[in-house]
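These are the residues of each chain, in order.
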Amino acid sequence: MPAGGDGLNQLKVVNNRIFSITGFSLLFAYLLSFLFEGQVLYSMLAYHNVKDSAYILAAIVAHFVGLFSCGYLIKSPTAAKYMMLGSMGVCLIATTPFFFAPSVLWAAGLIVSGYAGGCAVASWGYFLKAFTPKNQRIKSCADVLIYSNIIMIAVNVVAINLSPFIGLILSIFCLVAGTAFIWALPAGTEEIWSEETENKRYGDIKKPLLLLCLFVFVITINSGLMYQVINPAFEHLTGLVSWYWAVPYIIALAVMRNLPMKAKRSRILYIGMAMIMGAFISFMLLGRHAPDYLVVDTLMLGACGIFDLFWWSIIGEMLDYTENPVKVFGIGLSANVLGVLGGGALGVAITSIRLSGAEVAVIALTVVCVTLVMLPPLNTQLVMLLKNHAYLAAYDRMSGMQQTDIIRQMKTLEELTVREQEVLQHILSGKSNREIAVTLSISESTVKTHARNIFSKYNVGSRAELISTLLKNQSYT
Amino acid sequence: MKAIRKRRNCFTVLFVAGIVLATWATVKPMVATASVFGAASIASLMLLIKQSRLFYDASLICDNSILAVPSAVISMPGDKEQMNKKEVVVSSFGIMIGSKIYKWGRTGVDGVRLNTVDIDRTRIYLTFGDGTETMRIELMHGMADEQAVMDVKERLWRETGVTAIISGW
């Protein structure tokens, strides 16, 4: 009986994961094909001869606000589920004016659905954590990105080659179907929320989150830039662009998804960097014909696929160390939208100074190089901070004797004083300098000085490195 | 400590005044005067930074005080002894004699370290250095109670890892 019960539970978990991925993929396909600079929206605006930039900008800004703010409104799993369903409903209503002639309802609809779409996406952070095991989150993220992009390509092809209205109907169908899948998911897994509250002890999530946002912003600023610089050059290849645009992106995601878990992520990051630079260089050297487009787009979108899954997987990891997965997921993705906006603005600025195509590409390439140089150190810091959280969580679950053993096993250049041992214990329990100062009734600058001495004695440069070294030591033993 | 704070405040005032006057001279415009005040501002800024660091060190020493005595005898190997009548604070991270600071235990294994501590009936002898230079300071500790001496020994060991050698008690 227990085995049968376990099997049933496992089946339920798998079903929930599939439903969650399918529901979100459909929602995301709606966003990509319509709301977020989608071809359906562009086709509708072109069909009615409406100037598009203000509408598109309004939708993106509203989407950013929705992603960023949703986590502050959601306080429980039930709220996350209903926020997602409610937001998808609002998107549905706000999209209907596009079946009619342009009016103020279009702008209002885009702003409202932009905001609601942001909230719906952020809310999925809860489902990602609840229904996907930690080591499988990269696969779930890859799945939603792959499926949503495949659906988006299908909708785009219809909107461009058949009719924008049919494209709009398909987008809305995605939204409705996505709502049905999310509706079928259970909401009442409160223990996941309480687990997160427990994890709050293992250090502050603000610093890694801030670093992650910077990382995502730097990565996606290049996407925004390339939209503005490269896309207009191949506008005349409408048919090819409509279906091939996201194909390299999907292939890159599929390759990344199936990489062994042991694969070094930093190396993949370097491959992505090389590809995006290659894209800009080939853009400068090649012509503007279909084969040239295939080369440039393959390199560029392939790199985007690598980068996107890279930071999505980091967000997935971070969900374990947060009080509120909706907040972390939403804020992480909002950095992506901000990056697209920043890159877009940069692209507009570069292209508006009326330089030749080659000069524009050189400037864009320089910007890309500068931003990409920032990625490896940011990645190192981020990995270090995430390792800290992983270690502190494991350390906290150990018995007092095991904790002492780990510290003893670490070789120091010089023995720690009693006071330094006390400070070290508090550092390893995830306390900040200020908290340690309060606990030991000493000043914060005293704690900092002791910490500096401890780092020196362990021959490490920072708290993150100390914890990381302890983690390595623990895994060796 | 008070003297250091006073000096730091003086340099803050000088720096702000220099900036204001340099701005005023630039607006007038009096290029030569602006340059003089500008240079004075930079100089006072540098002194301000130095005093702020000194003040930080002094605060750290006072926050972690182990022993406060009214006078000290300072001796370096090969030099003559100097008597100092200013207030002296011995702490986990150094010693402050008036507004002069000797630091130790601040930069881990490579920096200046407290090496030995000897306590007799009247004096406490502290030796510290970084391997290339060693300094010895004698203080009149003024402790008459054995328990107070043992407390100082305990605190020194706990905070710095140095075991004080007690003689004559």
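Note that the coordinates shown come from a computational prediction; the quantities given were computed from them, not determined experimentally. (Residues numbered from 1 in each chain as written. Chains lettered and ligands numbered in written order. Predicted model: local features only at pLDDT ≥ 70, side-chain atom pairs only at ≥ 80, totals over all residues. Heavy atoms only, no water.)

## Observations regarding the overall build of chain B
Along chain B, the regular secondary structure elements total 3 helices and 10 strands. Ordering the α and β elements of chain B from the N terminus gives α-α-β-β-β-β-β-β-β-β-β-α-β. A fraction of 50% describes how many contacts in chain B between residues 6 or more apart in sequence connect residues 24 or more apart. Accessible surface for chain B amounts to roughly 9,400 Å². Of this, 60% is attributable to carbon and sulfur atoms. (Helix = DSSP H or I, 4+ residues; strand = E, 2+ residues; numbered from the N terminus. Contact = heavy atoms within 4.5 Å. Areas by Shrake-Rupley, 256 points an atom, 1.4 Å probe, with all protein chains shown as cover.)

## Notes on a nonpolar patch on the surface
Residue and element names in this part refer to chain A. A cluster of nonpolar residues, Leu57, Val61, Val65, Leu73 and Tyr115, forms a patch on the protein surface that exposes about 400 Å² of accessible area. Examining the composition of the nonpolar patch, we find that 4 residues originate from one element, helix 3 (residues 53–73), more than from any other. Looking at the secondary structure, you find Tyr115 in helix 5 (residues 104–131). (Patch = residues over 30% accessible without salt bridge, like charges linked within 9 Å, V, L, I, M, F, W, Y side chains within 5 Å. Salt bridge = Lys/Arg side-chain N within 4 Å of Asp/Glu carboxyl O.)

## Comments concerning the nonpolar core
In terms of nonpolar packing, the biggest core is built from 127 residues, with A:Phe215 and A:Trp312 touching the most fellow members. Considering every element that reaches this core, the biggest residue donor is helix 13 (residues 290–318) of chain A, with 15 residues. The residues that make up this core include at least three from each of domain 1 (12–191) and domain 2 (194–386) of chain A. When near neighbours in sequence (up to four residues on either side) are disregarded, A:Trp312 contacts A:Phe24, A:Phe28, A:Trp124, A:Cys141, A:Val144, A:Leu145, A:Phe329 and A:Leu333. In this structure, B:Leu67, B:Ile95, B:Leu156 and B:Ala164 belong to the second largest nonpolar core, which totals 24 residues. (Core = buried A, V, L, I, M, F, W, Y, C linked by side-chain atoms within 4.5 Å. Buried < 20%, exposed > 50% of the residue type's maximum accessible area, 1.4 Å probe, protein only. Domains from an automatic or database assignment.)

## Some details on helix 13 of chain A
Since there are 3.6 residues in each turn of an α-helix, residues three or four apart along the chain are aligned in direction. Taking 1.5 Å of rise per residue, the 29 residues of helix 13 of chain A would be expected to cover 42 Å, and the 41 Å separating its terminal C-alpha atoms lies within 8% of that figure. With 22 of its 29 residues buried, helix 13 of chain A lies for the most part within the structure. (Expected span 1.5 Å × (residues − 1).)

## With respect to unusual backbone geometry
Glycine aside, negative phi is the norm for most residues, and most peptide bonds take the trans geometry. Residue and element names in this part refer to chain A. With a phi close to 55 degrees, Asn49 is a non-glycine residue in the positive phi region. Take Asn49: it is sitting in the loop between helix 2 (39–47) and helix 3. Taking relative accessible area as the criterion, Asn49 reaches 71% and is therefore assigned exposed. A positive phi angle is found at Ser441, which is not glycine, with a value near 55 degrees.

## Focus: the sheet that holds strand 6 (residues 100–103) of chain B
All names here are of chain B. In spatial order, the strands read 1-4-5-6; together these 4 strands make up an open sheet with antiparallel pairing. Two strands lie at the open edges of the sheet, namely strand 1 (65–69) and strand 6, each paired on one side alone. Strand-to-strand twist across the sheet, computed as the mean angle between neighbouring axes with direction ignored, equals 10 degrees. Alignment of strand 5 (residues 94–97) against strand 6, held across 4 bridges, turns out to be antiparallel. Counted as the bridge partner of Gly94 is Lys103 from strand 6. (Pairing = 2+ DSSP bridges. Axes fitted to C-alpha atoms, helices over the stretch in contact; angles between N-to-C directions.)

## Focus on the interface of chain A and chain B
With 15 residues of chain A at the contact, the number on the chain B side is 16 residues. Counting the contacts that link chain A with chain B gives 2 salt bridges. Between chain A and chain B we count 6 residue pairs in polar contact (both at pLDDT 80 or more) in total. Contributing elements (two or more residues each) for the side of chain A that touches chain B: helix 17 (418–428) and helix 19 (444–457) of chain A. Per-element tally for the side of chain A that touches chain B: the top contributor is helix 19 of chain A, with 8 residues. (Polar contact = N/O pair within 3.5 Å; in protein donor to acceptor, adjacent residues only side chain to side chain.)

## Focus on the packing of helix 18 (residues 433–440) of chain A against helix 19 of chain A
Any two packed helices are characterised by how steeply their axes cross, that is the angle between the axes, and by the distance between the axes. Residues and elements named next belong to chain A. Between helix 18 and helix 19, the shortest axis-to-axis distance is 8 Å and the interhelical angle comes to 110 degrees. By the criterion of interaxial angle, the relationship of helix 18 to helix 19 is roughly perpendicular. Packed against helix 18, whose contacting residues are Asn433, Arg434, Ile436 and Ala437, the element helix 19 presents Glu444, Val447 and Lys448 at the interface. Its residues placed into classes, the contact of helix 18 with helix 19 shows 3 nonpolar, 1 polar and 3 charged. (Parallel < 35°, antiparallel > 145°, perpendicular 65-115°, else oblique. Nonpolar A, V, L, I, M, F, W, Y, C, P; charged D, E, K, R; others polar.)

## Thoughts on the pattern of salt bridges
Per the counting criterion, the structure on display carries 9 salt bridges over all chains. Here A:Arg419 and A:Glu422 are joined by a salt bridge, their closest N and O atoms 2.9 Å apart. Residue A:Arg419 and its partner A:Glu422 are both found in helix 17; the two are separated by 3 residues, about one turn of the helix. Given a relative accessible area of 12%, A:Arg419 falls into the buried group. For B:Arg158, the salt bridge identified is with A:Glu422, shortest N-O distance 2.1 Å. Taken together, the positions of B:Arg158 in helix 3 (residues 146–160) and A:Glu422 in helix 17 put the pair across two chains. Each of A:Arg419, A:Glu422, B:Arg155, B:Arg158 and B:Glu159 takes part in one network of salt bridges that share partners.

## Topic: helix 1 (residues 2–27) of chain B
All names here are of chain B. An ideal rise of 1.5 Å per residue puts 38 Å on 26 residues; helix 1 measures up with 38 Å between its terminal C-alpha atoms. Buried residues of helix 1: Ile4, Phe11, Gly18, Ala22 and Ala25, and no others. On its buried side, helix 1 packs onto helix 2 (31–63), strand 5 and strand 6.

## Brief notes about the confidence of the model for chain A
Scored by pLDDT, chain A comes out at a mean of 82, with 84% of its residues at no less than 70. Contacts for the low-pLDDT stretch residues 194–202 of chain A, under 50 throughout, to residues beyond four places or in other chains number 17 contacts. (pLDDT = per-residue confidence, 0-100.)

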